[in-house]
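Reading the structure
Each chain, written out:
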Amino acid sequence: MGPPGAGKGTQAKKLVERFGMVHLSSGDILRTERASGSLLGRKLAQYMDAGKLVPDDIVVSVMAKAMTENSGEAGLLLDGFPRTVPQAEALDAQLARAGKPLDAVVVMTAEPDMIVRRITGRRSCPACGRVYHVEFMPPRKAGECDACGGPLVQRSDDAEAVVRDRLATYNRQTAPVVDYYRRRSGLKRIEVDGGRDADDVLAQLTKAFESFGASSR
Ligand code: AP5
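Computed from a predicted model, the values in this text were never measured in an experiment.

Rules and cut-offs
All chains use their own residue numbering, which begins from 1 and follows the written sequence. The model is predicted, so local features are restricted to residues of pLDDT at least 70 and side-chain atom pairs to those at 80 or more, both for listing and for counting; the totals for chains, interfaces and linings are taken over all residues. Each side-chain value is worked out from all heavy atoms of the structure, with water and hydrogens disregarded. In DSSP terms, a helix is any run of H or I states spanning at least four residues, a strand is any run of E spanning at least two, and both are numbered starting from the N terminus. For this measure, only C-alpha atoms enter the radius of gyration; the expected value for a globule follows 2.2 Å times N^0.38, where N is the number of residues. Residue burial is assigned from relative accessible area. The probe radius is 1.4 Å, only protein chains are included, and a residue is buried under 20% of its type maximum, exposed over 50%, and partly exposed in between. In this description, accessible areas are obtained by the Shrake-Rupley approach with a 1.4 Å probe, and a residue is regarded as covered only by the protein chains that are shown. We treat Lys and Arg as the positive residues and Asp and Glu as the negative residues; His and chain ends play no part in the count. Lysine's charge is taken at NZ, arginine's at CZ, aspartate's at CG and glutamate's at CD. Only buried Ala, Val, Leu, Ile, Met, Phe, Trp, Tyr and Cys residues count toward a nonpolar core, and they belong to the same one when joined by side-chain atoms within 4.5 Å. By definition in these notes, contact holds between two residues if any of their heavy atoms fall within 4.5 Å. Working definition: a ring pair exists when centres of Phe, Tyr or Trp rings (six-membered ring for Trp) sit within 6.5 Å. Plane angles under 30 degrees give stacked, over 60 give edge-to-face, the rest tilted. The rule for a salt bridge is simple: a side-chain nitrogen of Lys or Arg has to be within 4 Å of a carboxyl oxygen of Asp or Glu. The span expected for a helix works out to 1.5 Å for each residue beyond the first. A residue's bend is the angle separating two fitted axes: one through the seven residues that end there, the other through the seven that start there. Counting of polar contacts relies on pairs of N or O atoms within 3.5 Å, with two restrictions inside protein: one atom must be capable of donating a hydrogen and the other of accepting it, and residues adjacent in sequence are counted only when both atoms are side-chain atoms. For this description, a residue counts as near a given molecule or strand if any of its non-hydrogen atoms is within 4 Å of it.

**Structural notes on the overall build of the protein**
Along the protein, the regular secondary structure elements total 8 helices and 6 strands. Helices (α) and strands (β) of the protein occur, in sequence order from the N terminus, as α-β-α-α-α-β-α-β-α-β-β-α-β-α. In terms of C-alpha radius of gyration, the protein reaches 17 Å, essentially the compact-globule figure of 17 Å for 217 residues. Dimensions of the protein, computed from C-alpha atoms along their principal axes, come out at roughly 45 × 40 × 30 Å. Of all 217 residues assigned to the protein, the portion counted as buried reaches 39%. Here the protein has roughly 11600 Å² of accessible surface; of this, 51% comes from carbon and sulfur atoms. A distance of 1 Å separates the average location of the 32 positive side-chain charges in the protein from that of its 28 negative side-chain charges.

**As for the nonpolar core**
Inside soluble globular proteins, nonpolar side chains tend to come together where they are buried. Formed by 23 residues in total, the largest nonpolar core has its most connected members in Met1, Leu44, Val54, Leu91, Val105 and Tyr181. When residues of this core are traced back to their parent elements, those giving at least two are helix H3 (39-48), helix H4 (56-70), helix H5 (85-98), strand S3 (104-109) and helix H7 (160-182). When neighbours within four sequence positions are excluded, Met1 is seen to be in contact with Lys8, Pro82, Val105, Val106, Val107, Met108, Tyr170, Thr174, Val177, Val178 and Tyr181. Counting residues in each nonpolar core, the second largest holds 22 residues, with Ala6, Val16, Met108 and Leu202 among its members.

**Things to note about the packing of aromatic side chains**
Per the stated rule, a full pass over the model turns up 3 aromatic pairs. Each ring, one from Phe19 and one from Phe209, has its centre 5.6 Å from the other, and the planes form 25°; the classification is stacked. Placement of the pair is Phe19 in helix H1 (residues 8-19) and Phe209 in helix H8 (residues 198-211), with a sequence separation of 190 residues. A relative accessible area of 4% places Phe19 in the buried class. For Phe209, a relative accessible area of 10% corresponds to the buried category. An aromatic cluster is built from Phe19, Phe209 and Phe212, whose rings are joined through pairwise contacts.

**Section: the pattern of salt bridges**
Summed over the entire model, instances satisfying the criterion amount to 16 salt bridges. Close ionic contact of Arg117 with Glu135 constitutes a salt bridge, the shortest N to O distance being 2.6 Å. Within this pair, whereas Arg117 is found in helix H6 (residues 112-120), its partner Glu135 is found in the loop between strand S5 (131-133) and H7, the two being separated by 18 residues in sequence. Assessed through its relative accessible area of 43%, Arg117 is described here as partly exposed. According to the relative accessible area criterion, Glu135 is partly exposed, its value standing at 45%. Across the salt bridge formed by Arg166 and Asp157, the nearest N and O atoms sit 3.7 Å from each other. When its relative accessible area of 8% is taken as the criterion, Asp157 is described as buried.

**Let's talk about H7**
The end-to-end C-alpha separation of H7 is 31 Å, in line with the 33 Å expected for 23 residues at 1.5 Å each. At Asn171, H7 shows its maximal bend, which comes to roughly 40°. Along H7, the residues classified as buried are Val162, Val163, Arg166, Leu167, Thr169, Tyr170, Thr174, Val177, Val178, Tyr180 and Tyr181. Tucked inside the fold, the buried residues of H7 contact H3, H5, S3, H6, strand S4 (122-124) and strand S6 (188-193).

**Considering the side chain of Gln94**
Tracing the backbone through its elements, the reader meets Gln94 in helix H5. Within polar-contact distance, the side chain of Gln94 engages the backbone oxygen of Ala64 at 3.4 Å. Residues within four places of Gln94 in sequence aside, it is in contact with Ala64, Met67 and Thr68.

**So, the site of the ligand**
Around the ligand sit 36 residues in total, of which Thr10, Lys52, Arg83, Arg122 and Arg166 are the nearest. Backbone polar atom of Ala6 to an oxygen atom of the ligand: 3.3 Å apart, as the coordinates give it. Contacts to the ligand include Thr10, whose side-chain N or O atom sits 2.6 Å from an oxygen atom. Protein contacts shield 96% of the accessible area of the ligand, which totals 1000 Å² for the unbound molecule. Mapped onto the shell around the ligand, the elements with two or more residues apiece are H1, helix H2 (26-35), H6 and S5.

Put into structure tokens, the structure is as follows:
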């Protein structure tokens with residue numbers, strides 16, 4: 001969990017390479033549906049482009065399907081879900097039915113000015129999903145993905161005004177989910193400063209995952 005630009009997607013991709021879980025990003029899953037041009041996809045665009053959350057019933061059903069289809073030996077790393085208390089309750093119910101409780105919650109923080117700088121400079125590769133930053137993590141050749149050579153694009157919700165709305169949405173609707181998990185006894189928690197250097201953040205997260213019993217593959 002964490003505000004836009006805290007580095008959730010960047011770190012999740014590195015953690016799954018190391019620990020072998022399946023990375024399920026609600027934002028990526030919703031963007032794929034949106035890009036399909038389906039009726040649901042067109043509905044999603046209205047919320048996403050405005051920096052608002054997609055309604056809970058839609059997200060819960062999309063994520064429940066993705067979790068069922070992707071349950072692997074090494075587990076799941078959820079990124080961007082749950083984002084409201086009703087989503088967290090729905091996740092609890094689904095995990096209880098599956099007999100697979102939540103192991104840990106990771107909260108990444110970042111300051112608003114840093115968030116805006118990161119998000120407005122983000123570029124990503126629609127073909128392979130790799131994420132860059134024009135200043136902090138530039139590709140070797142401007143505008144071109146290092147991994148697959150595809151053209152890099154800017155997300156439609158990464159304009160500064162929308163980022164500020166997304167941050168306000170986070171503070172209003174998602175910060176209560178952090179408290180929801182803080183109140184739960186026995187749940188492992190880690191809070192990291194996502195504003196630090198990406199390698200430092202990864203080192204902290206790796207150490208925490210190992211202390212939770214995750215093993216490298
Ligand atoms: P989503 O795609 O989840 O966006 P987000 O939460 O706003 O998070 P971001 O992807 O913007 O940031 P990130 O923390 O992953 O940062 P990243 O690693 O890319 O959601 C988009 C929309 O979908 C929502 O607004 C909503 O409409 C909808 N949605 C999704 N889930 C939903 C849900 N559960 N319920 C309802 N609606 C939902 O890094 C950002 C940039 O910074 C990159 O350029 C990266 O290279 C750079 N960077 C990262 N770490 C560092 C570092 N340590 N140092 C320097 N640069 C760094």
